[in-house]
Each structure stands twice: as structure tokens, then as C-alpha cells.
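Observations on the model geometry
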Amino acid sequence: MQVNGERLWQRLMDMAAIAPTEKGGNNRQALTDEDVAGRKLFIKWAEAAGCSVRLDEIGNIFVRKEGLNPHAPVVLTGSHLDTQPTGGRFDGIYGVLAGLEAIETMHEQGIETEHPIEIAVWCNEEGSRFPSSMMGSAVWSGVMPLSTALELRDIQGISVGEELRRTGQRGDLEAVPFPIKAAYELHIEQGPILENAEDIIGVVTGVQNMSRQQFVITGQEAHAGPTPMALRRDPMRALGDFLPRLYAMCAHNGEDAKITFGEIRAEPGSGNTIPGRLVMTCDLRHPDRMIYEGMVNAAYDIVRKACADANVDIEIEELFHAPGVTFDETCVSIVHKAAKASGYPYRLMSSGAGHDACNVASVAPTAMIFIPCRDGISHNEAEYAEPAHVEAGANVLLSVLLESSLVN
Ligand SMILES: [Zn+2]
């Protein structure tokens, strides 16, 4: 069974016709009139496809294809319809419209499923207008209190609560999880891995752990000329020692390990003064929590040892930490099986970005499916996915939804 790729592509383009930007992208930021126009268009399509529509108190939309057993736990899919101010036509929208395409294909083939299937449109995923990404799914899954979300304000001081009321997008349904058998989010990769490998389907096993560490290394300012090398307390000497060791430590942890030194500042920043202070960041990432924690500890040890050897002081502060998510083993294996059976080239991979699925994963068995996007570009008007890849991902989603919903 195959989806109608042309219909799905046409819907993506019809949705993109709402609030287009100059360079071929979209600007439908959360709960603007433009976002609401997109939501209404989707609801119109969903109702025409025989689905029922519910709206919850934080503006999440749930579109339902009834199951033979209406009391059976739901098989959930979906993503988001809001965009960045200079966003693309596929980020989020693809997952929502592919879910609808899968349901319509089932209807056309006369397929009844044991479990109900629902498509979630999570409100304010992008966090560009109201400053909190993945807001709707965070409230629904209990990660963020409803009252906090309703009080988030845009740059003009307008709150989420006010905009939900003004636009009629605040529903009666309580924003809490309902029984879910399995949840799947289909999304463009937003990175270059699939494209470079010439794979079409990404079986996403989780979202990587990440943190940003700040190193403040203090030595002593002194004149570049008269100060003997042996008597200097030079933070640069420590840097020269630990930098290659940190890269080696990262390489030792395999190709999924990432280390980035994105900011570095020597103070006072004068050409003939030995710097008294060095301030720098170290971004560390790995999909596996144990390996990730090992990397952080190893980095601390390496930096502290190098600083002690150079007779300089070191203070380390973790500026932020986003714990990783490991998706549900059964859900991942169902996606894996469907990808294999589809015949499309595929790979297992982790996500470099956060998604609503991370929040959903905290309350229900969850996995994700990726397709490539051109040059790995996203959050950009130039974002593009090949029609053949769009169709391929929707076919895999269709198999996965059938596998999870047909029988108990
Ligand atoms: Zn997205």
C-alpha cells in the first residue's frame, strides 16, 4: 500500500501559499493570523477526510480517525504547523500533512484499524514568537505548567493566553496525555547526514545529550619581553596542552562524539601582554548518555591537569545542559522494520535537534522518522525536500501506523 505522493506534495504547496516569504519560505509564527489560517486549512482537510477534530486548552489540535475499538489506546503521529519568521515549507508541516495522507490512504483502501489514530498539531513548536520551543507538547506532557505557557509573551507584550482567546484557538480539552500505544513523528532531518550518505530514510533512535561548558582560566598578566618563560603563569600554555588532548578524547569516543570550541577570548587582549585570563566555551555532544557523561568527566580531568601543570587556575561552569532522549525500543524497531521492507536506503541515526517527540517520549512509547533536506538546510526560506523523498517518508509512516494500529 502506497500513499498518494502527488496529493501530499500539492497540500504542502497549498499550505506554503499561506504567508509566503520573498525567498520561497513561510512566516507563520505561532498564533498569528497566518498560523491560524494554516491551522484552519488543515482542519478543513481533516474534516473532509472524515476525521473528528479536538482542540486543547494550550492550542494543540488532535485529529482522529476512529478505531474499531474506540477505547483502545491511540496511535499518535503529527508535528507542528508554525514556522520561524523566515522558515521553510517542510519543517513540521511535513509530519502533520503526511499523517493526514496516511489516514486518507487507509480510508481509500477501506482499511479499518483496531486502534484509533490521531494526528497532533503541537502549538508553538518553534518558540520564535513566544520564547519557549516545543511549548504545546511540553504542557501536554507535563514538562511545563499550563499557567507558565499561557503567560509567555511576545516582543509586543502579548501573551499566549490572550492570543489563544483572540484567535479562538483555546479549546475545552484539558492538555494532558491520554492513553497512547505508540507515537511517531516524521520530520525533515535538518542536517546533512542522510543526503551525504545518499540514504532516504532515517530511523531515529534518539536525540543526543548536549551541554555547553565554560572554562575561565586565570594566570597572571605580565610583559611579553622581560618575563622569563619559566616564570610565567600563562593560560595559553594550558590551552596549548589541553586542546589537542580534548580533540583526541573526542575522536576516541567515536564518530557520534562532538566537541566544539565556539568562543574564546584572551584578556586583556593586547599583543605584548601575557593574557591574565582566558574565557572559552566547550560544547560537548553524544547520543549515548553514559558515553556523553564520560566525555564531560574526561574533559574536566584533561583541562584541570593541563591548568595545574601550567600553574594557572581553572573554573568550570556548565552554562546549559539538554539531556538526551532514547526512543522506545519497540517503536524504533517498528520504524526500522518498515524502512527495511520499503526498499529505500536507510540508516539508524540520532537527531541533532530537539522535537515535540522528545516531550511525547516522556509519557508514551515514541520514535521518529527522518527524510533528507537539501544541503541539510532548515530554519531557512531555502529549505527543500525532494518530492520523491517526501513520498518515501510518508510511505514508511503509513506502514508504521498500520503496524501499530491494525491489531492489538
Ligand atoms: Zn520542526
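Residues numbered from 1 in each chain as written. Predicted model: local features only at pLDDT ≥ 70, side-chain atom pairs only at ≥ 80, totals over all residues. Heavy atoms only, no water.

For helix H3 (residues 93-108), built from 16 residues, the straight-helix expectation of 22 Å at 1.5 Å per residue is met to within 8% by its first-to-last C-alpha distance of 22 Å. Along H3, 14 of the 16 residues are buried, which leaves the element largely enclosed by surrounding structure. Positive phi shows up at Gly110, right after H3, with a value of about 70°. (Helix = DSSP H or I, 4+ residues; strand = E, 2+ residues; numbered from the N terminus. Expected span 1.5 Å × (residues − 1). Buried < 20%, exposed > 50% of the residue type's maximum accessible area, 1.4 Å probe, protein only.)

Core analysis: the largest hydrophobic core is formed by 71 residues, its most contacted members being Leu12, Phe42 and Tyr184. Those residues in contact with Phe42 that lie beyond four places of it in its chain are Met15, Val63, Leu81, Val96, Leu97, Leu100, Ile119 and Val121. Ile217, Leu239, Ala257 and Met280 belong to the second largest nonpolar core, which has 26 residues in total. (Core = buried A, V, L, I, M, F, W, Y, C linked by side-chain atoms within 4.5 Å. Contact = heavy atoms within 4.5 Å.)

The element strand S6 (residues 201-207) is extensively covered by neighbouring structure, given that 6 of its 7 residues are classed as buried. Bridging between S6 and strand S15 (residues 346-351) involves 6 bridges; their strand directions are parallel. Bridge pairing links Ile201 to Tyr346 in S15. Looking at chain direction, S6 and strand S16 (residues 366-371) are connected through 3 bridges and run antiparallel. (Pairing = 2+ DSSP bridges.)

The next thing to look at is the side chain of Gln208. Looking at the element boundaries, Gln208 is found in the loop between S6 and strand S7 (209-218). The class for Gln208 is buried, based on a relative accessible area of 8%. Excluding residues within four positions of it along the chain, Gln208 makes contact with Asp256, Lys258, Arg285, His286, Pro287, Ala322, Gly324, Ser351 and Gly352.

Let us look at the packing of aromatic side chains. Tallied over the entire structure, the rule returns 10 aromatic pairs. With 5.7 Å between their ring centres and 40° between their planes, Trp9 and Phe90 make a pair best called tilted. In this pair, Trp9 is assigned in helix H1 (residues 5-16) and Phe90 in the loop between strand S3 (74-79) and H3, connecting sequence segments 81 residues apart. No difference in accessibility class separates Trp9 from Phe90, as the two residues are buried. One aromatic cluster is present, formed by Phe62, Trp122, Trp140 and Phe178 through successive ring pairs. If you follow Arg11 out to its NZ or CZ, it ends over the ring of Trp45, 4.9 Å from the centre. Stacked on the ring of Phe178, the Lys or Arg Arg54 has its end atom at 5.6 Å from the ring centre. (Phe/Tyr/Trp six-rings, centres within 6.5 Å; stacked < 30°, edge-to-face > 60°. Lys NZ or Arg CZ within 6 Å of the ring centre and 35° of its normal.)

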